[in-house]
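Chain residues, written in single-letter form:
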Amino acid sequence: MPNVVPPSDGVEAPTVPNLGSPQTTTRQLINIPPKVGLNGGNWGWNPHPQSNHNICIYIYIPMETLNIQGVLNEIWELGYINMKTKQITLPRFSVHMKGRIEPFCKFMIDYYNTHPDEERFEFFFTLYDGFREHSEPSEKPTFVKVLESEKSILEPYKGRGSAGEPGRFFHPVHLKDIFPYFCLPIVTWCKHYNDPHTLLIPDYEMISHNYISIKKEVDDVDISWENKIPKLFWRSNIHGLGYYAYDKEAMIGESGKKPRCQRKMLVDYSSSDGDGWLDASPSRSTKKEEMLKYKYLISCDGEVVNYSSNVWIMYSQSVMFRIKSHYIQWYFKDLKEWVHYIPIQPDLSDLKEKYEWALSHDEECKSIAMNGREFMKQLNYENILKNYRLE
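Residues numbered from 1 in each chain as written. Predicted model: local features only at pLDDT ≥ 70, side-chain atom pairs only at ≥ 80, totals over all residues. Heavy atoms only, no water.

**Q** Would you mind going over the sheet that holds strand β12 (residues 229–236) with me for this structure?
**A** In a beta sheet, neighbouring strands are held together by backbone hydrogen bonds and run either parallel or antiparallel to one another. Reading across from one edge, β13-β12-β14-β15-β17 is the order of the 5 strands in this open sheet, with parallel pairing throughout. Each edge of the open sheet is held by one strand with a lone partner, namely β13 (278–282) and β17 (342–344). Each adjacent strand pair in this sheet contributes to an overall mean axis angle of 25 degrees, direction not counted. In the sheet, strand β14 (residues 294–299) pairs with strand β15 (residues 319–323) via 4 bridges, with the strands oriented parallel. Within the sheet, the bridge partner assigned to S299 lies in β15 and is R322. Of the strands in this sheet, β14 and β15 are in contact with helix α7 (residues 307–315), which crosses β14 at around 160 degrees. (Pairing = 2+ DSSP bridges. Helix = DSSP H or I, 4+ residues; strand = E, 2+ residues; numbered from the N terminus. Axes fitted to C-alpha atoms, helices over the stretch in contact; angles between N-to-C directions. Contact = heavy atoms within 4.5 Å.)

So this is what it looks like as C-alpha cells:
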C-alpha cells in the first residue's frame, strides 16, 4: 500500500485500495521524497499538480504526453486512469471525490480482471453524474478533436456546476452541435446517446451495491398489480437544467422565456389539468410505500438519467412511464419500449394519450411491468462483470 501523508487541512483522504503491482516500466520515477517509499511497488493516487486535494502519495508515474496533461489542466472535472500501468490521476476538482472514487476504482479493477482481453486500457474519467451535463440535445453533432495548438476552442465550454464549483464541461446553447473530443475516450455513468467518444460503465449506485437495499425495500412494501390505483403518479424534487428542445414554450435569447426542466414541466402539466389522471408534485419525503400504491409511475430525468428511480420502478409491480431525454446509461441498449416500459416524448406531448392507452390495455400494462421486473432482477454486480463490455 502506498504511503499516505495526511492532508494538512484535516480533510480525510480517500481510502486507497490495494490495486496490485504495476507492470515493469523503464519510465522515469519522480517525486519520491526520502521518507516516502513505494512500499512494495503498489500503486495509488497521483494528485493533479494543482489539485485542491491535499493528498501526497507518490507512485511510478509515466511521463505522459502533453496532450493528456493539457486536457486535465483545461477540464478540471476530468481525471486520468491507465489500467496497464496502474496509474490514476485525480480530477483537479470534483464535489463527488470522497464518495465515488473508491467504488469507481474497484469496478475498473474487477472489470479488467474479468476481461483481460479488453484492448482499451487508458481513459479520462469524470465522477459527476455524466459527461456533457447541462447540454442541449443535438440531432447531428459535429465532432472536433481538440489539439494542443487549438485548445482555446474549449473556453466557451468551461463553466460552473449546480453548486457553483469550477471546472465543469458544458455545451453553450449556440454550440450544442459542436462536440469537442480528446485524445482518449472518457468513461462515465451517463452520456449523450450519440456521443461515441464517451464510454459507459455501470452507475455509481450499482457498483456501490446500493440497489440491493433498494430492491429489498420494494419487496417489503410493494403490492400486487390488481390492488394498485390506475393513475399516473410522480414524486421527487425539482432539479436539472431546462432544454429548449423539450420546452416548446421557451424562446432563445436574452429577452426570451428560459426553458423549464422536464420535472418542472411535468409538475406544471399536473397542476394545470383538472381531470385528476395525473398526480405529479415536488416532494423529498414521499416514501416508496406510498408511490407503489399506483399502477403507473413516471420516471423523469433530473441533472441527467434518473438512476435509482429507473431501477426500483421497473423492479416493482408497477409499470414505468419513462420520459425520454438525450441521456442514456449503461443498460439502456437492452431496454425495449413497450416491452420493459412505456415511452413518453421529451416534451410530454403524448403523456395523456399513453395514459388512456394504459387504461384500456390493463393486461398488456401488467405484462410490461412484469418484464421490467424480470429485467431488473438479473442486474447484479456479478452478472454485470461477466456480461458487460465497455462501449
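Here the narrative resumes, following the displayed structure.
**Q** Is there a simple way to explain the environment of S138 in this structure?
**A** Mapped onto the secondary structure, S138 falls in the loop between β4 (122–126) and β5 (142–145). For S138, a relative accessible area of 1% gives the class buried. Sequence-wise, S138 and N194 are 56 residues apart; in three dimensions their C-alpha atoms are separated by 8.3 Å. Sequence-distant contacts of S138, that is, excluding residues within four places in its chain, are made with K176, D177, F179, Y193 and N194. Of the polar contacts made by the side chain of S138, one reaches the side chain of D177; its length is 2.6 Å. (Buried < 20%, exposed > 50% of the residue type's maximum accessible area, 1.4 Å probe, protein only. Polar contact = N/O pair within 3.5 Å; in protein donor to acceptor, adjacent residues only side chain to side chain.)

**Q** Please clarify how the packing of aromatic side chains should be interpreted in this entry.
**A** We describe a pair of aromatic rings using the distance from one ring centre to the other and the angle between the two ring planes. Using the criterion set out here, one finds 26 aromatic pairs in the structure. On the numbers, 5.1 Å between centres and 85 degrees between planes, the contact of W330 with Y331 is edge-to-face. Residues W330 and Y331 agree in their burial class; the two are buried. The ring of Y204 has R100 lying over it, and the distance from NZ or CZ to the ring centre is 3.6 Å. (Phe/Tyr/Trp six-rings, centres within 6.5 Å; stacked < 30°, edge-to-face > 60°. Lys NZ or Arg CZ within 6 Å of the ring centre and 35° of its normal.)

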